[in-house]
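Observations on the model geometry
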Amino acid sequence: MCGIVGYIGKASAPSILISGLKRLEYRGYDSAGMAVIEDGKVVITKAPGKVAALNERARNEWPASRFTDSRAGIAHTRWATHGPPTEANAHPHADQSGGIALVHNGIIENYRPLRTRLEAKGHLFLSETDTEVLSHLVGDCYQGDLFQAVCDALHQVEGTFGIAVISATEPGRIITARRGSPIVIGVGDGESIIASDASAIISHTRQVIYLEDNDIAIVTADHVEIRDLNRVPVTREVAELGFDAEAAEKGGFEHFMLKEIHEQPDALRNAIRGRLDFNLGTSVLSGMGTSPRDLAEVQRVILLGCGTSLHAGLVGEYAFEDLADTHAEVHQAAEFRYRNPLVNRSDLVVAISQSGETADTLAAVREANQKGAFVMGLCNVVGSTIARETGRGVYLHAGPEISVASTKAFTCQVAVLLMMALKLGRGRRFSRDEGMRLAREIEAIPTLVEQVVAQSDAISRIAKSYADNEHAFFIGRGYLYPVALEGALKLKEISYIHAEGYHAAELKHGPIALLVDGTPVIALANDVPGKDKTLGNVEECRARGARILGIITSGDHEAAAAMDDVIEVPACHPLVATIPTAVALQLLAYHIARHRGCEIDQPRNLAKSVTVE
Ligand code: F6R
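The notes below deal with the structure included here. Given the structure is predicted, the values throughout are model-derived calculations rather than measurements.

Points about the packing of aromatic side chains
Tallied over the entire structure, the rule returns 3 aromatic pairs. Summarising the aromatic geometry, the rings of Trp62 and Phe67 are spaced 5.6 Å apart at their centres and angled 50° between planes, so their arrangement reads as tilted. In terms of burial, Trp62 and Phe67 fall into one category: buried. In this structure, Arg547 packs its charged tip against the face of Tyr466, placed 3.8 Å from the ring centre. Over the aromatic face of Tyr496 sits the side chain of Arg604, whose NZ or CZ is 3.8 Å from the ring centroid.

Some thoughts on helix α17 (residues 456–464)
Turning to α17, its buried residues are Ser456, Ile459, Ser460, Ile462 and Ala463. Buried residues of α17, seen end-on, are gathered within an arc of 165° and therefore sit on one face of the element. Residues of α17 that are exposed and point over 90 degrees away from its buried face: Asp457, Arg461 and Lys464.

A look at the nonpolar core
One finds Met420 and Ile445 to be the most contacted residues of the largest nonpolar core, which totals 95 residues. In terms of residue count, the dominant contributor to this core is helix α14 (residues 408–426) (13 residues). Counting contributing residues per domain, this core is built from domain 2 (253–443) and domain 3 (453–599), each supplying no fewer than three. Not counting the four nearest positions on each side in its chain, Met420 is found in contact with Leu285, Met288, Phe320, Val350, Met376 and Leu378. Leu17, Val36, Phe67 and Ala75 belong to the second largest nonpolar core, which has 29 residues in total.

About the cut-offs
Along each chain, residue indices are assigned from 1 in the same order as the chain's sequence is written. For a predicted model such as this one, the threshold for reporting local features is a pLDDT of at least 70, and the threshold for listing and counting side-chain atom pairs is 80 or more; totals across whole chains, interfaces and linings nevertheless cover every residue. The basis for every side-chain value is the complete set of non-hydrogen atoms in the structure, without hydrogens or water. Two rings belonging to Phe, Tyr or Trp (six-membered ring only in the last case) form a pair when the distance between their centres is within 6.5 Å. Interplanar angles under 30 degrees mark stacking, angles over 60 mark edge-to-face geometry, and anything in between is tilted. Under the scheme applied here, a residue whose accessible area is under 20% of the maximum for its type counts as buried, over 50% as exposed, and between as partly exposed, the area being computed with a 1.4 Å probe on protein chains only. Our definition puts a charge over a ring when NZ of Lys or CZ of Arg is within 6 Å of the ring centre and also within 35 degrees of the ring normal. We count a stretch as a helix when DSSP gives it H or I for four or more residues in a row; a strand needs E for two or more, and each element gets its number in order from the N terminus. As used here, the arc belongs to the directions running from the helix axis to the C-beta atoms. Side-chain atoms within 4.5 Å link the members of a nonpolar core, which is a set of buried Ala, Val, Leu, Ile, Met, Phe, Trp, Tyr and Cys residues. For every domain, the bounds stem from an assignment made automatically or drawn from a database. Contacts between residues were defined by any pair of non-hydrogen atoms, one from each residue, lying within 4.5 Å.

Limitation: the analysis is restricted to geometry and does not speak to function.
Okay, structure coming up:
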């Protein structure tokens, strides 16, 4: 999704802006631009497409001195919402005078009436964007103090924003503000960097300040002053970033996605480490902030998420019901606040989000808070908005996930949900011994995943023979049904093969009409309860000519005999089996996409963090 970088300090602003934008590329975008202050003027350059195209344009069109001498500027990668990804619609946008430039993430909902009002005053707009309206509004409010102008403008807008603004007449400062769209300020030595995501900051400094909603900051090279929109000073802590720049690089892998698949044993170890108590046969998740008595009062668990996080929630639903005897339900987060959900004080609401910034999940969190539920976050990105707004929860500790397609976040989400279910279950039905046994199964997850990751080359060979198909079906039942959905999502998003996930029993209720000779059906037929029925469904597909790729338990000859091809995953607890099985499907999707020559880390039309509704 859109990315913001701003720089003010002693170094070349354009070079730092470009390298910052490159670090945000993983979020997905379709045009880019930057603005710097030079000799009392704001100079803006934009380009549709990649950051490399913007860099090339600036290098070709700008005098070399602008690169060496400019000390302040703002830049942006845009993911189109209002108007197509053209140069005109790309950010930064100037105001009517051309002396102010602004970059913006989020959506200004009342931009149409604002635009009409400004047009009546003689403003001319060059783009279709809501952002240009905001920059004109700031210009309209400007009376010699950019900070005051931004405050006055933001009082008039409805919607969400993370912004950075510069003015030709105030070259020594950048004004930045947020409401619903993250802004982080890196505090360096004689330099400050503003970004929508800490990845753009980490190579400069680890000292950061996270803005809260309705904060507005005056940022200079050596000072950050934060106020609210009424100019009242507020205090925000300086935090220390916990991951380093190298961790965000590819580390020798061809794609971030492959690196992140391979990182899973370690990511899972980090997610599990110190959280299992083998003496008491339970888990220790202090971030949940719950006493055994609090947990005893929980009557229902509501899991919220989108996309891959929604699928993790579906596995969690089974886990809470089976392990903790607790009624659980999953809600697609975007729908939650529109259906007037019945939520009460005895509900435990778990918001699942890798980025912690997904707008729909955040809105659902706010709805659940309104209804008085006990809300917690299950996020990967530390300090993200959902993590902060829930105020309690469990971090995944999976490390930065750069590839747009989520992999290690999913398996860590499932592992953490299993630990949450163990904790709840221990207070309800598990004896100490049963709890200890499940804790041992969870502890073994990283080793199980290692055994699947080691098969990457073999899976690549199988993948090659499926790479020319344009359709595929994934089937599973029980705990493996959500994994079938996730397998189909992974394949479709990175290979552009039309893939559908179904409950194994559901195909015969309609979709089986689509099976013709050679249609791939990926059957999750691990040796867990329900396997025999899934094998029956496999026969139904085979009878229609489908080609069956089975994910089976190692050494299961009966299941192997029912398949055309197999990928074996180690035997384990049926709920735990969701994790190695998902990893096998991640590798399958990755290798199919690679054989098809797809742009794996940044699939078309997709963004890493979806901060619009
Ligand atoms: C798919 C994928 C998306 C995200 C979804 C939610 O591979 O990455 O479906 O899972 O956009 O994102 P988070 O987890 O950041 O809330």
